[in-house]
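Structural overview for review
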Amino acid sequence: MGPRKRENAVSTLCRLVRLSRSWFHGHGAGEAARESREAGRAARDKALLERISHFFKASKGRYGSKRIHRDLCADGESVSERRVARIMQENRISARPCEPRKPFTTKSNHQLTPSSNLLQRAFHCTTPNTVWLAHISYVDTGEGWLCLAAIKE
């Protein structure tokens, strides 16, 4: 026991300098334990990064953290979704956005012969109900693609 320890208790000294007693007694050990935990976490993150990269490549770059997490859990890995998201973000692994699919209106790769041109580009007619015009167009909306069709006699 040091000479001052008899005069002042550790709790009194800690209260005076506004430190907790647990900090005073475990400061050096706490720092080593913290560094050990951080080293273990870094090693675990590195191992998880390899597995995340594997599943990301298997999905052809389409899966985000939710699907990668689901695949990891199905493979027997115990990890949180937030940790998967953090590792993916730190390593700049992100799913590329899907391109909106535009519907195709024409199949140009077929063996059928085209219909004959009956009008021969003579669009003016004198009698009603002899020439019809039609057009189909697709409109992209927030709810999906809509088909717009117009027919004129």
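This write-up is about the structure you can find in this document. Everything numeric in this text was worked out from a predicted model, so none of it was measured.

In terms of regular secondary structure, the protein is built from four helices and two strands. Overall, the protein shows an N-to-C arrangement of helices and strands of α-α-α-α-β-β. Against the globule reference of 15 Å for 153 residues, the protein gives a C-alpha radius of gyration of 36 Å, more extended than a compact globule. Seen through its C-alpha atoms, the protein measures out along the principal axes to roughly 120 × 35 × 20 Å. With 153 residues in all, the protein has 13% of them scored as buried. Excluding contacts between residues fewer than 6 apart, the proportion of contacts in the protein whose partners are at least 24 apart in sequence is 41%. Element-wise, carbon and sulfur atoms account for 53% of the exposed surface of the protein, whose accessible area totals about 13,700 Å². Both charge centroids of the protein, one from 28 positive and one from 15 negative side chains, sit 3 Å from each other.

Within the largest apolar cluster, 11 residues are counted, these being L48, I52, F55, F56, I68, L72, V79, V84, I87, M88 and I93. Those elements that provide at least two residues to this core are helix 2 (21-58), helix 3 (65-74) and helix 4 (81-90). For this core, the leading source of residues is helix 2, giving four residues. Among all residues touching I68, those that are not within four sequence positions of it are I52, F55, F56, Y63, V84 and M88.

Okay, unusual backbone geometry next. With phi around 60°, R18 is a residue other than glycine that occupies positive phi space. The topology assignment puts R18 in the loop between helix 1 (10-16) and helix 2. By relative accessible area, which is 77% here, R18 ends up exposed. In the Ramachandran plot, K60 falls in the positive-phi region, its phi being about 60° despite a non-glycine side chain.

A word on the pattern of salt bridges. Counted by the stated rule, this structure contains seven salt bridges. Among the salt bridges present, the one from D75 reaches R51, with a minimum N-O distance of 2.2 Å. Taken together, the residues D75 in the loop between helix 3 and helix 4 and R51 in helix 2 connect sequence positions 24 residues apart. D75 sits in the partly exposed class, given a relative accessible area of 47%. We classify R51 as partly exposed; its relative accessible area is 25%. One salt bridge in this structure joins R51 and E77, with 2.4 Å as the shortest N-O distance. Of the two residues, R51 sits in helix 2 while E77 sits in the loop between helix 3 and helix 4, which places them 26 residues apart along the sequence. Classification of E77 as buried rests on a relative accessible area of 15%. Several salt bridges share partner residues, and in doing so they unite R44, R51, D75 and E77 into one network.

Moving on, we come to the packing of helix 3 against helix 4. Contact geometry for helix 3 and helix 4: axes closest at 9 Å, N-to-C directions at 120°. Judged by the angle between their axes, helix 3 and helix 4 are oblique. In this structure, helix 3 meets helix 4 at a crossing whose hand is right-handed. The segment helix 3 lies against helix 4, with S65, K66, I68, H69 and L72 engaging E81, V84, A85 and M88.

To continue, consider helix 3. Buried within helix 3 are the following residues: I68, H69, D71 and L72. What you see down the axis of helix 3 is that its buried residues fit within an arc of 160°, all on one side. With respect to the buried face of helix 3, the exposed residues turned more than 90 degrees away are K66 and A74. In the stretch just after helix 3, G76 is the one whose phi turns positive, near 95°.

Reading guide: rules and limits
- Along each chain, residue indices are assigned from 1 in the same order as the chain's sequence is written.
- pLDDT decides what is reported in this predicted model: residues at 70 or higher carry local features, side-chain atom pairs at 80 or more are listed and counted, and totals for whole chains, interfaces and linings draw on all residues regardless.
- Values shown for side chains rest on all heavy atoms present in the structure; no hydrogens or waters enter the calculation.
- Segments assigned H or I by DSSP are reported as helices when at least four residues long, segments assigned E as strands when at least two residues long, and all are numbered from the N terminus.
- Every radius of gyration here is taken over C-alpha atoms, with the globule rule written as 2.2 Å times N^0.38, N being the number of residues.
- Only protein chains enter the accessibility calculation, which uses a 1.4 Å probe; a residue is then buried when its area is under 20% of its type maximum, exposed when over 50%, and partly exposed in between.
- Here a residue-residue contact requires only that any non-hydrogen atoms of the pair lie within 4.5 Å.
- Throughout, the Shrake-Rupley method with a 1.4 Å probe supplies accessible areas, and for residues the shown protein chains are the sole cover considered.
- The sign given to each residue is positive for Lys and Arg and negative for Asp and Glu; His and the chain ends receive no count.
- Just so you know, the charge point we use is NZ for Lys, CZ for Arg, CG for Asp and CD for Glu.
- Throughout this description, the term nonpolar core refers to a set of buried Ala, Val, Leu, Ile, Met, Phe, Trp, Tyr and Cys residues connected via side-chain atoms within 4.5 Å.
- Salt bridges are defined as contacts in which a side-chain nitrogen from Lys or Arg sits within 4 Å of a carboxyl oxygen from Asp or Glu.
- Orientation is described by axes fitted as lines to C-alpha atoms, over the contacting stretch for helices, and by angles from 0 to 180 degrees between their N-to-C directions.
- Orientation categories follow fixed angle ranges, with anything under 35 degrees roughly parallel, anything over 145 roughly antiparallel, 65 to 115 roughly perpendicular, and all other angles oblique.
- The sense of a crossing depends on the near helix, which, turned anticlockwise from the far helix by less than a right angle, makes the crossing left-handed and, turned clockwise, makes it right-handed.
- Here, the arc refers to the directions that run from the helix axis to the C-beta atoms.

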